[in-house]
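Residues per chain are reported as follows:
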Amino acid sequence: MPLLPFKHRDSDGDVTCYNDLGDLKRHGPEQRYLSPTTGTCRKLVVQAVTPSGKFEVAIKDHTNQTNKLAIWLISNSPFRGWIFFKWIGIWLWFSVKLSLPVFFLVTAYFNLIDGPEEKESSYNTGYYKSYLRQFQEQLWEARSRMEHSSCVKEAVEMNTRTHASYPRILMIRTTNGWVQCADRDIIIQTRFIAISFRRVDAFARGPDEKKDRAQFIDEVRATVLGQQFDAYWLDLECTGETPSEKSLDVYCMADVYRRAEMTLIMLGRAASGENSCWRGWGERVWTFPEALLSSRLCYKFRDREEVKPLSLFELANLAYANSDEEQAIVHAYGGKDPLERLERLTLLKKVIWRRATAALPIASGPPPPPKLDIIGGGPVTGEVYKPYKAERVYALMGFFEHRIQPTHEEDDLRALARLSMANDSDRITERMVSMFPSTITPGACWYADNDIYEANLWDILPDIQVAGVTQNGALVLDGCRAAAIRWKDFPDIVCAPECSQSRKMVGFIPYFSWPLIVTGLSILWLPLIGSRMGGLVCICAGILLLLLSPPLLLFGQSGRVVTAQPWLIGVKGVIDRGKVESHLYGGTVGRFAKMVPFPRMDFTPSGSPFSKPEQLVVRRGSDKQYEDAKEQEQSGPDAGHMYTLIDTYSSTMYYFRAERPPTVCIFTGREGGLGRFVLCSEKCKENELHKETVLRMPTEIIQKMELCGWVALG
């Protein structure tokens, strides 16, 4: 069973937040939610199967008490010991409750008070409760150029292009030796070799660094001349010295390898082991742009003179022999097994992300800061080289049509969001929002490397758009349909069960009991109206109807629920279906009196990590998922973090695990014939939502969810 890790994020001290109108409010660090009714920030009170703590309460509901009493009466025999007296007492109370609708009808007829029918019609809006909070702060980076972006981009002193047709600088051999050339007219007419290498194979930091670097450069120049070339590109000599020049060189680095006649891979010394040299070179971030974008490859070991040609398939066997993803990418660029664009870019992101953590176990979340030797060189000039925190993204963007300007300010996740916004047709970040990773990152919960439901990135069809990125790395989403989740209790559900003429007639009969009794008493007290015998008959008939009212009333309200007021209701813990039906509709009539062949609630067949489908003709969820979820709650690592979500519109139950109770459900996309719904908790201080889990729910329920404004997911 896939599990979610959890981290405790509560902090001490007061928290300042704003409601939907921008009014300031201070409160403690406890979990809060925005009331869908008042728009104010409130403490979250959670109903729980086993309450613990001051913010958890026992499960309660506002269900019709008459139905509950009727179910108890027909499910308990009055002839079992002392239960007879209890049964009589409950029956009397049921009889009193049965008279109230008659009273309301009479008073409503005379316009004395508003009847319950008017209250229900005003209460049943036909939609889920809305989420009222909107993101109102400035964007750190906006998709639209009409929006203000607060990020400070590093100044670029020259014009940048989407793709460069020539390098900015080349090392060219002249009569005066090797010189650095920046003359465009000369560069565009010069054939050159691009050099790929690993810093530790070239030189090591220390007192002999300058000597070793000079020796390595001499070896490169000798090899270039041996291949009948008079120019080469090596990042140690051809990247700029100012921040703007360095950013431009990183921006156009992929084009250097596209433009080169050949890419020469300079490996370490073969005496130390050829396999280790290849593996070390293959661990670098820039290895894929250098190899896949080059028109021709060759390689050389430093302690050997021979320069050998190299195909992509040979490269895959030498440098990436242990990874299926790398093999698939090489085969795709080699023309053997073409991949769809999005699938190819997704695999590239995955393998490039892995490069910086090659010496560590592969992780699902955002990788740690890059190493100093990611590009291939150490210091470019005399100072220590300052690596880009988002260097993986800059290596990846060479495969995209549109690129982003590199900056030292941003990290991997913000750069990835910017790259996705620049290439809107791929919608990578929008697809990630809908995925359910095995590890949800605390700082940017939208990021996903995998999916618990085993869907690929290209399987997701997003229904949202990223409008921008916040300073915290959160995505600002537009076009979301959102609904609030109710946690404090079960509301009174307005529903319409399956209707037939026989049910209508039988269900209406119990309401004649009190009018018959009242009529019989009137005849007895006023003999002029009729005979006493007629009065006694009316009274007896009324009492008989009262005795038969429980099964008659329930039969009239039985049958499956055709439509119900949409509600999303949460319960902490694992609650069984019978109790849910009891809290929603008063009970499961069909289980007690065998009157109803349809259950009122169903388990989801494939909507949560705990779901299990029945292997029958009819598609529905198996009851075994309750037992599995209960076992996880009692003895597994999920103890204290199991929850139940009840959707009244689709009459479906979901078991899931979360760090905190989610209070908002947003629809973000579709996959596999179902909608992807992200359940989020609220972080009112940052005005953000945090992804807790993702459920696969019927897509048709979005027609009952209202569109909301911008929301930040971070």
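Residues numbered from 1 in each chain as written. Predicted model: local features only at pLDDT ≥ 70, side-chain atom pairs only at ≥ 80, totals over all residues. Heavy atoms only, no water.

Visitor: Whenever I open this one, the overall build of the protein chain confuses me. Can you help?
Guide: When you go through the protein chain residue by residue, the secondary structure sums to 23 helices and 29 strands. When the 714 residues of the protein chain are sorted by exposure, 52% land in the buried category. Long-range pairs, those at least 24 residues apart, make up 67% of the contacts in the protein chain between residues at least 6 apart in sequence. Summed over all atoms, the accessible surface of the protein chain reaches about 32,600 Å², with 54% contributed by carbon and sulfur. (Helix = DSSP H or I, 4+ residues; strand = E, 2+ residues; numbered from the N terminus. Buried < 20%, exposed > 50% of the residue type's maximum accessible area, 1.4 Å probe, protein only. Contact = heavy atoms within 4.5 Å. Areas by Shrake-Rupley, 256 points an atom, 1.4 Å probe, with all protein chains shown as cover.)

Visitor: When you look at the nonpolar core in this model, what are you seeing that I'm missing?
Guide: Within soluble globular proteins, side chains that are nonpolar tend to cluster in buried spots. Grouped together as the largest cluster of nonpolar side chains are 141 residues, with contacts concentrated most on Ile195, Trp278, Leu315, Trp446 and Leu477. With 7 residues, the single largest contributor to this core is helix H14 (residues 341-355). (Core = buried A, V, L, I, M, F, W, Y, C linked by side-chain atoms within 4.5 Å.)

Visitor: I would appreciate a short explanation of the packing of aromatic side chains in the present structure.
Guide: Each aromatic ring pair is specified by the distance between its two centres and by the angle formed by the two planes. On inspection of all chains with the given rule, the structure shows 16 aromatic pairs. Measuring from ring centre to ring centre gives 5.1 Å for Phe667 and Phe677, while their planes differ by 45 degrees; the resulting arrangement is tilted. In this pair, Phe667 is assigned in strand S25 (residues 664-671) and Phe677 in strand S26 (residues 674-683), connecting sequence segments 10 residues apart. Ring pairs connect the aromatic residues Trp278, Trp281, Tyr299 and Phe301, which therefore count as one cluster. Directly above the aromatic system of Phe301 lies the positively charged group of Arg304, at a separation of 5.2 Å from the ring centroid. Arg414 extends its terminal NZ or CZ atom over the ring of Trp140, reaching a point 4.5 Å from the ring centre. (Phe/Tyr/Trp six-rings, centres within 6.5 Å; stacked < 30°, edge-to-face > 60°. Lys NZ or Arg CZ within 6 Å of the ring centre and 35° of its normal.)

Visitor: Sorry, what's going on with the packing of helix H12 (residues 312-319) against helix H13 (residues 324-333) here?
Guide: Relative orientation and spacing of two packed helices are given, respectively, by the angle between their axes and the distance between those axes. Following both chains from N to C, one finds H12 and H13 inclined at 170 degrees, their axes separated by 9 Å at the closest point. As far as their axial angle goes, H13 and H12 are roughly antiparallel. Contacts between H12 and H13 pair Leu312, Phe313, Ala316 and Asn317 from the former with Gln327, Val330, His331 and Tyr333 from the latter. Residues of the contact of H12 with H13, tallied by class, amount to 5 nonpolar, 3 polar and no charged. (Axes fitted to C-alpha atoms, helices over the stretch in contact; angles between N-to-C directions. Parallel < 35°, antiparallel > 145°, perpendicular 65-115°, else oblique. Nonpolar A, V, L, I, M, F, W, Y, C, P; charged D, E, K, R; others polar.)

Visitor: Help me understand the packing of H13 against H14 in this model?
Guide: Taken N-terminus to C-terminus, the directions of H13 and H14 make an angle of 130 degrees; their axes are 9 Å apart at the nearest point. Relative to H14, H13 is oriented oblique. In terms of crossing hand, the pair formed by H13 and H14 is left-handed. Contacts between H13 and H14 involve Glu325, Glu326, Ala328, Ile329 and Tyr333 from the former and Arg344, Leu347, Leu348, Lys350, Val351, Arg354 and Arg355 from the latter. Among the residues making up the contact of H13 with H14, the classes are represented as 6 nonpolar, no polar and 6 charged. (Left-handed = near helix turned anticlockwise from the far one by under 90°.)

Visitor: Honestly, the sheet that holds strand S12 (residues 262-267) in this entry has me stumped. Any pointers?
Guide: Backbone hydrogen bonds are what pair the strands of a sheet, in a parallel or an antiparallel way. Across the sheet, 7 strands lie side by side as S9-S8-S11-S10-S12-S13-S14; this open sheet has mixed pairing. The open sheet is flanked by strand S9 (177-181) and strand S14 (308-310), the only strands paired with a single partner. The mean angle between the axes of side-by-side strands here comes to 30 degrees, regardless of whether they run parallel or antiparallel. Examined bridge by bridge, strand S8 (residues 170-174) and S9 share 5 bridges and lie antiparallel to one another. By the bridge assignment, Met171 is partnered in S9 with Gln180. Seen against the sheet, helix H6 (residues 209-226) touches S8, S9, strand S10 (193-197), strand S11 (231-233), S12 and strand S13 (297-301) and runs at an angle of roughly 130 degrees to S11. Those strands touched by H12 are S12, S13 and S14, and its axis lies near 95 degrees from that of S14. (Pairing = 2+ DSSP bridges.)

Visitor: It is not clear to me how the environment of Trp278 should be interpreted in this structure. Could you clarify?
Guide: Take Trp278: it is sitting in helix H10 (residues 274-282). Judged by relative accessible area, Trp278 falls into the buried class, the value being 2%. Measuring from C-alpha to C-alpha, the distance between Trp278 and Tyr320 comes to 8.6 Å, with 42 residues separating the pair along the chain. Setting aside chain neighbours within four positions, we find Trp278 in contact with Ile265, Leu267, Tyr299, Phe301, Leu310, Leu315, Leu318 and Ala319.

Visitor: When you look at the pairing of S12 in this model, what are you seeing that I'm missing?
Guide: Sheet faces and side chains relate simply in a regular strand, where the side chains alternate between the two faces. With 6 of 6 residues buried, S12 lies mostly within the body of the structure. Alternating positions in S12 separate into two faces, Met262, Leu264 and Met266 on one and Thr263, Ile265 and Leu267 on the other, with burial throughout. Both S10 and S12 contribute to a ladder of 5 bridges, which runs parallel. Its bridge partner lying in S12, Ser196 is registered against Ile265. The pairing of S12 with S13 spans 5 bridges and is parallel. Its bridge partner being in S13, Leu264 is matched across the sheet by Cys298.

Visitor: Would you explain the state of the cysteines in this entry?
Guide: Simply put, the disulfide is a covalent bond whose two ends are the sulfur atoms of two cysteines. Following the criterion strictly, the structure yields 0 disulfides and no others. No disulfide involves Cys480; its sulfur sits 5.3 Å from that of Cys708, the nearest cysteine. (Disulfide = S-S within 2.5 Å.)

Visitor: Looking at this structure, how should I read the environment of Asp212?
Guide: For Asp212, the position within the fold is in helix H6. Separated by 10 residues in sequence, Asp212 and Ala202 place their C-alpha atoms 7.1 Å apart. Ignoring any residue separated from it by four or fewer positions in sequence, one finds Asp212 in contact with Ala202, Phe203 and Ala204.

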